[in-house]
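Report on the structure
Listed below, chain by chain, are the residues.
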Amino acid sequence: GAGVSQSPSNKVTEKGKDVELRCDPISGHTALYWYRQSLGQGLEFLIYFQGNSAPDKSGLPSDRFSAERTGGSVSTLTIQRTQQEDSAVYLCASSRQYGGYGYTFGSGTRLTVV
Amino acid sequence: AQKVTQAQTEISVVEKEDVTLDCVYETRDTTYYLFWYKQPPSGELVFLIRRNSFDEQNEISGRYSWNFQKSTSSFNFTITASQVVDSAVYFCALSEAQGGSEKLVFGKGTKLTVNP
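Residue positions are counted from 1 within each chain, in the order its sequence is given. Here the convention is simple: chains get letters from A, ligands get numbers from 1, in the order in which they are written. Where local features are concerned, this predicted model is filtered to residues with pLDDT of at least 70; where side-chain atom pairs are given and counted, the filter is 80 or more; whole-chain, interface and lining totals use all residues. The basis for the side-chain values is all heavy atoms of the structure; hydrogens and waters are excluded.

A word on the overall build of chain B
For chain B, the count of helices and strands is zero helices and twelve strands. Elements are defined by DSSP. Helices are runs of H or I of four residues or more, strands are runs of E of two residues or more, and each kind is numbered from the N terminus. Each helix and strand of chain B, placed in order from N terminus to C terminus, yields the pattern β-β-β-β-β-β-β-β-β-β-β-β. With C-alpha atoms as the basis for the radius of gyration, the globule rule is written as 2.2 Å multiplied by the number of residues raised to the power 0.38. Here chain B has a C-alpha radius of gyration of 14 Å; the compact-globule value for 116 residues is 13 Å, and the two agree. Oriented by its inertia axes, the alpha-carbon framework of chain B measures out at about 45 × 25 × 20 Å. Across the 116 residues of chain B, 46% fall into the buried class. At a minimum sequence separation of 6, the contacts of chain B that also span at least 24 residues come to 57%. Computed by Shrake-Rupley with a 1.4 Å probe, the accessible areas treat only the displayed protein chains as cover when residues are assessed. Roughly 5,700 Å² of accessible area belongs to chain B as shown, and the carbon and sulfur atoms make up 48% of that amount. If you average the places of the 11 positive and of the 14 negative side-chain charges in chain B, the two averages end up 4 Å apart. Working definition: with a 1.4 Å probe on protein chains only, accessible area under 20% of the residue-type maximum means buried, over 50% means exposed, and in between means partly exposed. In this analysis, two residues are considered to be in contact whenever any of their non-hydrogen atoms come within 4.5 Å of each other. When charges are counted, Lys and Arg contribute as positive and Asp and Glu as negative, whereas His and the chain ends are disregarded. Charge positions are represented by NZ for Lys, CZ for Arg, CG for Asp and CD for Glu.

And the structure:
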């Protein structure tokens, strides 16, 4: 597509439930990143994909967080047993290749855990 | 560890004023990249510029200009003749050029308000 697409745009969930956030990167972009933006912590890196593999998962805050990417395209970020501190905007970004052109970010998914 | 500091939390100016957003970074690497992103009220992060550590030339793009000084580890951003549409949060970011990942370390952002 023309841009990075994320769904849903907003998600309200009850504490303890699992959620899945989806990212559809720009066609042909091999690199995909997940970030989290919260009031207290600013913008934080979560995970990086190159193709379907994730060589850098260093930013995932706990084992409740996981992500996968299939077909070198769509990625899903899953948060299990959500906690209130997981409330944030989750941003996905893609880029054509390493060291190239900067990222294109999606509009994000605003997650609220109640 | 890498760190990016944007000391100005909020700036308010009147339209047509020039404004400079400061960014200071820390890294032990000799090869790295610096970025500026704009986040308007709509929330989407918009890429503005990428600069590698070997290129200290200043860059100008319309009303935007960037001053990269390795000696002071700074990468400042100036908007000339500001406009209301420039109102946004601006983020400076740093990445290392290793390992295939261009993951970014962001500053906390500077909220710029341009008043008519």
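Some thoughts on the overall build of chain A
Regarding its fold elements, chain A presents zero helices and eleven strands. Reading chain A from its N end, one meets helices and strands in the order β-β-β-β-β-β-β-β-β-β-β. Here the C-alpha coordinates of chain A stretch approximately 40 × 25 × 25 Å along the principal axes. Of all 114 residues assigned to chain A, the portion counted as buried reaches 49%. The long-range fraction of contacts in chain A, counting pairs at least 24 apart against all pairs at least 6 apart in sequence, stands at 53%. Taking the 11 positively charged and 10 negatively charged side chains of chain A as two groups, their mean positions are separated by 3 Å.

Considerations on the packing of aromatic side chains
What counts as a ring pair is set by centres within 6.5 Å for rings of Phe, Tyr and Trp (its six-membered ring), and what kind of pair is set by the plane angle: stacked under 30 degrees, edge-to-face over 60, tilted for all other angles. Within the structure shown, the criterion is met by 23 aromatic pairs over all chains. For the ring pair Tyr-35 of chain A and Phe-45 of chain A, a centre distance of 5.7 Å and an interplane angle of 70° mean the geometry is edge-to-face. Pair noted here: Tyr-35 of chain A is in strand S4 (residues 31-38) and Phe-45 of chain A is in strand S5 (residues 42-50), with a separation of ten residues, a long-range link. Of the two residues, Tyr-35 of chain A and Phe-45 of chain A, neither departs from the other in class, the shared state being buried. Seen in terms of ring centroids, Phe-35 of chain B and Tyr-37 of chain B are 6.2 Å apart; in terms of plane orientation they differ by 25°. Their pairing is stacked. Judged by its relative accessible area of 0%, Tyr-37 of chain B is buried. An aromatic cluster of three or more residues is present, and its members are Tyr-33, Tyr-35, Phe-45, Tyr-48, Tyr-103 and Phe-105 of chain A together with Phe-35, Tyr-37, Phe-47, Phe-91 and Phe-106 of chain B.

As for the interface of chain B and chain A
Listed by partner, the interface residues are 19 residues for chain B and 21 residues for chain A. Here's the idea: put two parts together, see how much 1.4 Å probe accessible area each one loses, and the total over both is what we call buried area. A combined buried area of about 1,700 Å² lies between chain B and chain A, and 50% of that area is made up of carbon and sulfur atoms. Together, Leu-45, Glu-102 and Lys-103 of chain B form the three largest contributors to the area buried by chain B at its contact with chain A, with a combined 29%. What counts as a salt bridge is simple: a side-chain nitrogen of Lys or Arg found within 4 Å of a carboxyl oxygen of Asp or Glu. Between chain B and chain A we count one salt bridge in total. The residue Asp-56 of chain A makes a salt bridge to Lys-103 of chain B at a minimum N-O spacing of 3.2 Å. When contributions to the side of chain B that touches chain A are tallied by element, the ones reaching two or more residues are strand S5 (32-39), strand S6 (46-52) and strand S10 (88-96) of chain B. If you tally residues by element for the side of chain B that touches chain A, the top one is S5 of chain B, at four residues. Amino acids outside the nonpolar list (Ala, Val, Leu, Ile, Met, Phe, Trp, Tyr, Cys, Pro) and the charged list (Asp, Glu, Lys, Arg) are all regarded as polar, and Gly is one of them. Looking at the side of chain B that touches chain A, its residues break down into nine nonpolar, four polar and six charged.

Description of the state of the cysteines
Residues and elements named next belong to chain A. Two cysteine sulfurs form a disulfide in these notes if their separation is within 2.5 Å. In total, this model carries two disulfides over all chains according to the counting rule given. For Cys-23, the disulfide goes to Cys-92, at an S-S distance of 1.9 Å. Judged by the sign of its S-S torsion, about -65°, the bond between Cys-23 and Cys-92 is left-handed. Here Cys-92 lies in strand S9 (residues 88-95) and Cys-23 lies in strand S3 (residues 19-24), a separation of 69 residues in the sequence.

Re the pairing of strand S8 (residues 64-69) of chain B
Residues and elements named next belong to chain B. The alternating pattern of S8 places Tyr-64, Trp-66 and Phe-68 on a buried face, while none of Ser-65, Asn-67 and Gln-69, on the opposite face, is buried. Sheet topology places strand S7 (residues 59-61) next to S8; three bridges connect them, and they run antiparallel. When the sheet's bridge partners are listed, Glu-59 is paired in S8 with Trp-66. For two strands to be treated as a pair, DSSP must find at least two bridges joining them. The loop that links S7 with its antiparallel partner S8 comprises two residues; one of these, Gly-62, has a positive phi angle of about 60°. Bridge count for S8 against strand S9 (residues 74-79) is six bridges, and the pairing is antiparallel. Note that in S9 the partner of Tyr-64 across the bridge is Ile-79. Hairpin connection, S8 to S9: the antiparallel pair is bridged by four residues, and Ser-73 has positive phi, about 50°.

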